[in-house]
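Fold and contact review
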Amino acid sequence: MSTVKMDNGAISHRRRLTRQERLQQLLDVAWRLTREEGTDALTLPRLAEQAKITKPVVYDHFGTRAGLLLALYRDFDARQTAIIDGAIEASEPTLAGRASVIASSYVDCVLAQGREMPGVISALTSSPELEQVKREYEAVFLEKCRAALEPFAEGSITPAALRAMLGAAAALSNAALAEEVTIDEAKAELYEIIVAMVGRSGRNHSRANA
């Protein structure tokens, strides 16, 4: 608990943020900065200035600018994961139901973050840490999709098929973000791709056992 003297002479007692609360505050400010001024403007000193805290606090949380950008990537992925998990859990337990929520949730998550996330990824293009984090999160997401969709397949859904689906999901979401296609078109096309992927797993299974 800290005390702040107000202009009228009164004393205001302000609760000190926990480390996790401070981290979330800094991430929120960082997203705002990226949205308003672009990724190039996002530096640790600038973040400290905008968050109205001292520089050592920001450096303690992120260490480097790359550390900050990685934290933003993880924050985005955590939000995306929570949304997709909730949507799958609440969906109708059919192929159509599961494919629809996966397609809609993925596109909505990318659009919700706007152009900030591509900027973050671009700034981290040469970062080996980003590649490792991306692989880890993609593996978790693809496993969720496999578990949600495979009960409706006659055989197993291959890693290659899941990777193709992920590539299509990213491409269609970015196309919708750039307004090259409509949001509904992106979702509908991704839905068809997911359903077709599950259908192919049955044919692949039949050929493998022929």
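Residue indices begin from 1 for each chain and proceed along its sequence in written order. Local features are withheld for residues below a pLDDT of 70 in this predicted model, meaning they are given only at 70 or higher, and side-chain atom pairs are given and counted only at 80 or more; totals for whole chains, interfaces and linings count all residues. To get the side-chain values, all heavy atoms of the structure are used, and hydrogens and water are removed first.

Our next topic: the overall build of the protein chain. Numbering of helices and strands runs from the N terminus; a helix is a DSSP stretch of H or I covering at least four residues, while a strand is a stretch of E covering at least two. Along the backbone of the protein chain there are 9 helices and 2 strands. Walking the protein chain from its N terminus toward its C terminus, one meets helices and strands in the order β-β-α-α-α-α-α-α-α-α-α. Think of it in three bands: residues with accessible area under 20% of the maximum for their type are buried, residues over 50% are exposed, and the middle band is partly exposed, with areas taken using a 1.4 Å probe on protein chains only. Within the protein chain, buried positions represent 39% of all 210 residues.

Turning our attention to the side chain of Ser 105. Among the secondary structure elements, Ser 105 is positioned in helix H5 (residues 95-112). Accessibility expressed as a relative area gives 8% for Ser 105, which makes it buried. Contact between two residues is taken to exist if any of their heavy atoms lie within 4.5 Å; hydrogens are not considered. With residues up to four places along the chain from it excluded, the contact list for Ser 105 reads Ile 83, Ile 84 and Ala 87.

Confidence scores per residue from the predictor, reported as pLDDT, run from 0 to 100. Model confidence for the protein chain is summarised by a mean pLDDT of 86, while 89% of its residues fall at 70 or above. Note that residues 205-210 has pLDDT below 50 and, in this model, 3 contacts with residues that lie over four places away or in other chains.

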